[in-house]
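# Residue-level structural notes
Listed here are the chains, written in short residue letters.
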Amino acid sequence: MGELLQLFDAHLHPEALSDQDLESMRFFGVEHALVVAHHLPEPTPKALRKHFDDLVQRQLPRLERLGIRAWAALGVHPRCIPRRGLSEVLSHLPDYFRGGRVVALGETGLHAGGIEEEEAFLEQLALARQLKLRVVVHTPLLDKERHTRRLLTLLRESGVRPSRVLVDHANGRTVRNILGCGHWAGLTLHPEALKAERAVALVRRLGSERLVLNSDAGDGAGDILGLARVANLLTKAKLSERVVKRVAHDNAARFYRPR
């Protein structure tokens, strides 16, 4: 593999990254990206809509200007549920899905758990089912196994097709259950989530089917070169070019089907 591998970063928060950060990612092979809605300190309906507008109207063009073709996922993060007005926010979401730049609902899911988070998650899943959307699901760093089990139960009860769901931030203890339910699994290369060497070991053990790599760069102290580092390690581990291309780019492109 002499040429630089083409990478698709399937979970990015560019609003928290500098142009220099993004240029470095592009230099090391990131040619495509999914910009994912994040959590806010004061999640009012107005602030959430402003966040969505910023991602679509400013961040996507900014990435393209820097040489990265990008799409977006919009949704209400479990750490960002407004005290009032969730239904108002959700009522505006369908407007964003016209035009082909917003390709999934997310990131939704559970963080601390509880009735409020579960109800918000189920409302968004109902919308995704109605609009036949793909969904990016958040799993938390703490108590990940328990929350993932609960998420998988709620997903099954929601009626959303498993093949339209990517459960993100998976690890070695949760990824098999996620894949076993028919979902896609996101492996997040982040200092607080999954180290590069561990990601390589998981790909070696599980293969490339429905595994998607991402950096979650822009959320805290991330690793903007994590994706490139893992792609290099996968190649050094003598995994086939086909496997490396699948997890580093092709699976994300296939799941989101960006045009």
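This text gives an overview of the structure that appears in the document. Just so we're clear, the structure is a prediction, and the values are computed from it rather than from any experiment. Along each chain, the written sequence defines residue order, and numbers are assigned to residues from 1. Two thresholds apply to this predicted model, a pLDDT of at least 70 for residue-level local features and 80 or more for giving and counting side-chain atom pairs, whereas whole-chain, interface and lining totals are computed over all residues. Values reported for side chains reflect all heavy atoms of the structure, with hydrogen atoms and water molecules removed beforehand.

The next point concerns the overall build of the protein chain. Only DSSP runs of H or I covering at least 4 residues are called helices, and only runs of E covering at least 2 are called strands; the numbering of each starts at the N terminus. Counting secondary structure elements, the protein chain contains nine helices and eight strands. What the globule rule says is 2.2 Å times the number of residues to the power 0.38, and the radius of gyration is computed from C-alpha atoms. In terms of overall dimensions, the protein chain is globule-like: its C-alpha atoms have a radius of gyration of 17 Å, near the 18 Å expected for 259 residues. Taking the principal axes of the C-alpha coordinates as reference, the protein chain spans close to 55 × 40 × 30 Å. Accessible area is worked out with a 1.4 Å probe on protein chains only. A residue is then buried under 20% of its type maximum, exposed over 50%, and partly exposed in between. The buried share of the protein chain, reckoned over its 259 residues, is 54%. Counting only contacts in the protein chain whose residues sit at least 6 apart along the sequence, the fraction spanning at least 24 positions is 76%. Of the accessible surface of the protein chain, which amounts to about 12000 Å², a share of 47% is contributed by carbon and sulfur atoms. This count recognises Lys and Arg as positive and Asp and Glu as negative, with His and chain-terminal groups excluded. Where a charge lies is defined by one atom per residue type: Lys uses NZ, Arg uses CZ, Asp uses CG and Glu uses CD. Of the charged side chains in the protein chain, 39 are positive and 31 negative, and the gap between their average positions amounts to 6 Å. Throughout, a residue-residue contact means that at least one pair of heavy atoms, one from each residue, lies within 4.5 Å. Accessible surface is estimated by sampling points in the Shrake-Rupley manner with a 1.4 Å probe; for residues, cover comes only from the protein chains shown.

Think of a salt bridge as a Lys or Arg side-chain nitrogen and an Asp or Glu carboxyl oxygen that are within 4 Å of each other. Summed over the entire model, instances satisfying the criterion amount to eleven salt bridges. Of the charged contacts, one joins Arg69 and Glu64 as a salt bridge, the two residues approaching to 2.9 Å between their closest N and O atoms. What you see here is one network of salt bridges that share partners, running through Asp19, Arg62 and Arg65.

Below, the discussion takes up the packing of helix α3 (residues 86-96) against helix α4 (residues 115-131). All axes here are fitted lines through C-alpha atoms, helices being fitted over the stretch that makes contact, and every angle between N-to-C directions spans 0 to 180 degrees. It is the contact of α3 with α4, at a shortest axis distance of 11 Å, that shows an interaxial angle of 20 degrees. Judged by the angle between their axes, α3 and α4 are roughly parallel. The element α3 and its partner α4 pack so that their crossing is right-handed. Here Leu86, Leu90, Leu93 and Pro94 of α3 come into contact with α4, specifically with Ala120, Glu123, Gln124, Leu127 and Leu131. Should an angle fall under 35 degrees it is called roughly parallel, over 145 degrees roughly antiparallel, and 65 to 115 degrees roughly perpendicular, with every other angle called oblique. In this scheme, a crossing is called left-handed if the near helix is turned counterclockwise away from the far one by less than a right angle; it is called right-handed if the turn is clockwise.

Turning our eyes to something else, we now look at the nonpolar core. What we call a nonpolar core is a set of buried Ala, Val, Leu, Ile, Met, Phe, Trp, Tyr and Cys residues that are connected through their side-chain atoms within 4.5 Å. Among the nonpolar cores identified, the biggest contains 75 residues, and Leu93, Leu187 and Leu234 are the most heavily contacted of them. With 15 residues, the next largest nonpolar core counts Trp71, Ala104, Val212 and Ala252 among its residues.

What follows concerns the sheet that holds strand β8 (residues 211-214). Judged by pairing direction, the sheet is parallel, and its eight strands sit side by side in the order β1-β2-β3-β4-β5-β6-β7-β8 without closing on themselves. Among the strands making up the open sheet, the edge pair consists of β1 (7-12) and β8. Strand-to-strand twist in this sheet, taken as the mean axis angle between neighbours without regard to direction, amounts to 25 degrees. For β1 and strand β2 (residues 30-36), the ladder comprises four bridges, and the chain directions are parallel. Following the sheet pairing, Leu12 is matched in β2 by Val35. Strand pairing is defined by DSSP finding a minimum of two bridges between the two strands.

Ring geometry is summarised as follows: Phe, Tyr and Trp rings, the Trp one being its six-membered ring, pair when their centres sit within 6.5 Å, and such pairs are stacked at plane angles under 30 degrees, edge-to-face over 60 and tilted between the two. Taken as a whole, this structure holds five aromatic pairs when the rule is applied. With 5.2 Å between their ring centres and 50 degrees between their planes, Trp184 and Phe255 make a pair best called tilted. Residue Trp184 is found in strand β7 (residues 184-188), and its partner Phe255 is found in helix α9 (residues 241-256); the two are separated by 71 residues along the sequence. With respect to burial, Trp184 and Phe255 carry one shared label: buried. Note on Phe255 and Tyr256: the rings are 4.8 Å apart at their centroids and 80 degrees apart in plane angle, and the pair reads as edge-to-face. There is no split in this pair, since Phe255 and Tyr256 are both buried. An aromatic cluster of three or more residues is present, and its members are Trp184, Phe255 and Tyr256. Just above the ring of Phe255 sits the side chain of Arg134; from NZ or CZ to the centre is 6.0 Å. Put simply, a charge is over a ring when the Lys NZ or the Arg CZ is close to the ring centre, within 6 Å, and near the line of the ring normal, within 35 degrees.

Here we take up the layout of surface pockets. There is about 510 Å³ of room inside the largest pocket. Together, 29 residues line the largest pocket, and Thr139, Pro140, Leu141, Glu192 and Ala193 are the ones closest to its centre. The residue classification treats Ala, Val, Leu, Ile, Met, Phe, Trp, Tyr, Cys and Pro as nonpolar and Asp, Glu, Lys and Arg as charged. All others, Gly included, are polar. For the lining of the largest pocket, a count of residues per class yields eight nonpolar, 13 polar and eight charged. Only protein atoms enter the 1 Å grid, on which a cavity is a set of points fitting a 1.4 Å probe that cannot get out and a pocket is an open set with protein on both sides within 12 Å along at least 5 of 7 lines, lining residues being those with an atom within 4 Å of a point. Grid points are joined across faces, edges and corners, and a volume is the space filled by probe spheres set on the points.

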